[in-house]
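Structural description and commentary
Listed below, chain by chain, are the residues.
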Amino acid sequence: MTPDTGKLVADKGQIKIPSTYQSVRATQMQKKWGSDQKNTTAVVAVFSNGDDKLTPAQNAAIDRTIDKLKSDKSKYQIKGITTAQDSATAKQQLVSKDKTTQLVQLNVKLSKTHTRSLIRDQLTKAVKTSGVKTYVTGSDILNQDFSDATQAGVRKTEVIAAIFIFVVLLLVFRSPIT
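Residues numbered from 1 in each chain as written. Predicted model: local features only at pLDDT ≥ 70, side-chain atom pairs only at ≥ 80, totals over all residues. Heavy atoms only, no water.

This part takes up the nonpolar core. Formed by 20 residues in total, the largest nonpolar core has its most connected members in Leu69, Leu106 and Leu123. Of all the secondary-structure elements, those providing two or more residues to this core are β1 (40–48), α3 (56–71), β2 (78–82), β3 (101–109) and α6 (116–126). In this structure Leu69 touches Tyr76, Ile78, Ile81, Leu106, Leu123, Ala126 and Val127, once residues within four positions along its chain are discounted. (Core = buried A, V, L, I, M, F, W, Y, C linked by side-chain atoms within 4.5 Å. Buried < 20%, exposed > 50% of the residue type's maximum accessible area, 1.4 Å probe, protein only. Helix = DSSP H or I, 4+ residues; strand = E, 2+ residues; numbered from the N terminus. Contact = heavy atoms within 4.5 Å.)

What follows is the structure, encoded as structure tokens:
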């Protein structure tokens, strides 16, 4: 009898991450990188070696992953890739000052079938690089994760409420009427 909360969120808009989070800054950076291309979402692939500098072997492995992404652009519906190797300015923005982390900016096509969740799942697998910690992020990815977690919480609350109502009804109808 309760409404489909997933559909309601999809129809009425997703919950947004508060503006105090880092994703607001990421969104501003993404606009510079071209995330405002029509029907795209900006995704950042992160390659990190924790507190240690990336080694030449790790950088070579990252380069191989980037080359694979470039050769599989159509598979992942990537419209644009910005890497540290593109220019000195890109390197300055995409490699951390302590040389422990490298970012790759991807602009990926969005559609009804190529959703943010699918993009996140596909690219998370695609950027896995041996010997390096990897993950994908970006404001749309974070918003989607936040929305998914919120919907999961609402679904749990619905189940608890339904059980509570059922127990109350059982108690009301089982107790003798005086």
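Having seen the model, we can carry on.
This part covers α3. A rise of 1.5 Å per residue sets the reference length of α3, with its 16 residues, at 22 Å; its end C-alpha atoms lie 22 Å apart and thus fit the reference within 8%. Taken residue by residue, α3 has Gln58, Ala61, Ile62, Thr65, Ile66 and Leu69 as its buried positions. Around the axis of α3, the buried residues are gathered within 140° of arc, so they sit on the same side. Exposed side of α3, more than 90 degrees from the buried face: Pro56, Ala57, Arg64 and Ser71 are the residues found there. (Expected span 1.5 Å × (residues − 1). Arc of directions from axis to C-beta.)

What follows concerns unusual backbone geometry. The phi dihedral of Gln77 is positive, around 60°, even though this residue is not glycine. Along the polypeptide, Gln77 turns up in the loop between α4 (73–76) and β2. In this structure Gln77 comes out as partly exposed when scored by relative accessible area, which is 28%. Unusually for a residue other than glycine, Lys99 sits at a positive phi of about 65°. By the element assignment, Lys99 lies in the loop between α5 (88–94) and β3.

What holds strands together in a sheet is hydrogen bonding between their backbones, with the strands either parallel or antiparallel. As summarised here, the arrangement of the four strands in space is β2-β3-β1-β4, forming an open sheet in which the pairing is antiparallel. Strands at the two margins of the open sheet, each flanked by one partner only, are β2 and β4 (133–137). Averaged over all neighbouring strand pairs, the angle between strand axes comes to 20°, with direction disregarded. In the packing of α3 onto the sheet, contacts are made with β1, β2 and β3, and the angle to β3 comes to roughly 5°. (Pairing = 2+ DSSP bridges. Axes fitted to C-alpha atoms, helices over the stretch in contact; angles between N-to-C directions.)

Considering the arrangement of structural elements, one finds Thr100 in the loop between α5 and β3. With a relative accessible area of 6%, Thr100 lands in the buried category. Not counting residues up to four positions away in its chain, the partners in contact with Thr100 are Phe47, Ser48, Asn49, Gly50, Asp51, Asp52, Lys53 and Leu54.

Regions with low pLDDT should not have their predicted coordinates read in detail. Averaged over all residues, the pLDDT of the protein chain is 80; the fraction at 70 or higher stands at 69%. When the elements of the protein chain are averaged for pLDDT, helix α2 (residues 23–33) gives the smallest value, 53, and α3 the largest, 96. (pLDDT = per-residue confidence, 0-100.)

Moving on: the pattern of salt bridges. Inspection of the entire model under this criterion finds two salt bridges. The salt bridge involving Lys68 is made with Asp72; its shortest N-O contact spans 2.9 Å. A relative accessible area of 15% means that Asp72 is categorised as buried. Asp121 is the partner of Arg120 in a salt bridge, and the nearest nitrogen-oxygen pair spans 3.4 Å. On the basis of relative accessible area, Arg120 is assigned to the buried category, the value being 16%. (Salt bridge = Lys/Arg side-chain N within 4 Å of Asp/Glu carboxyl O.)

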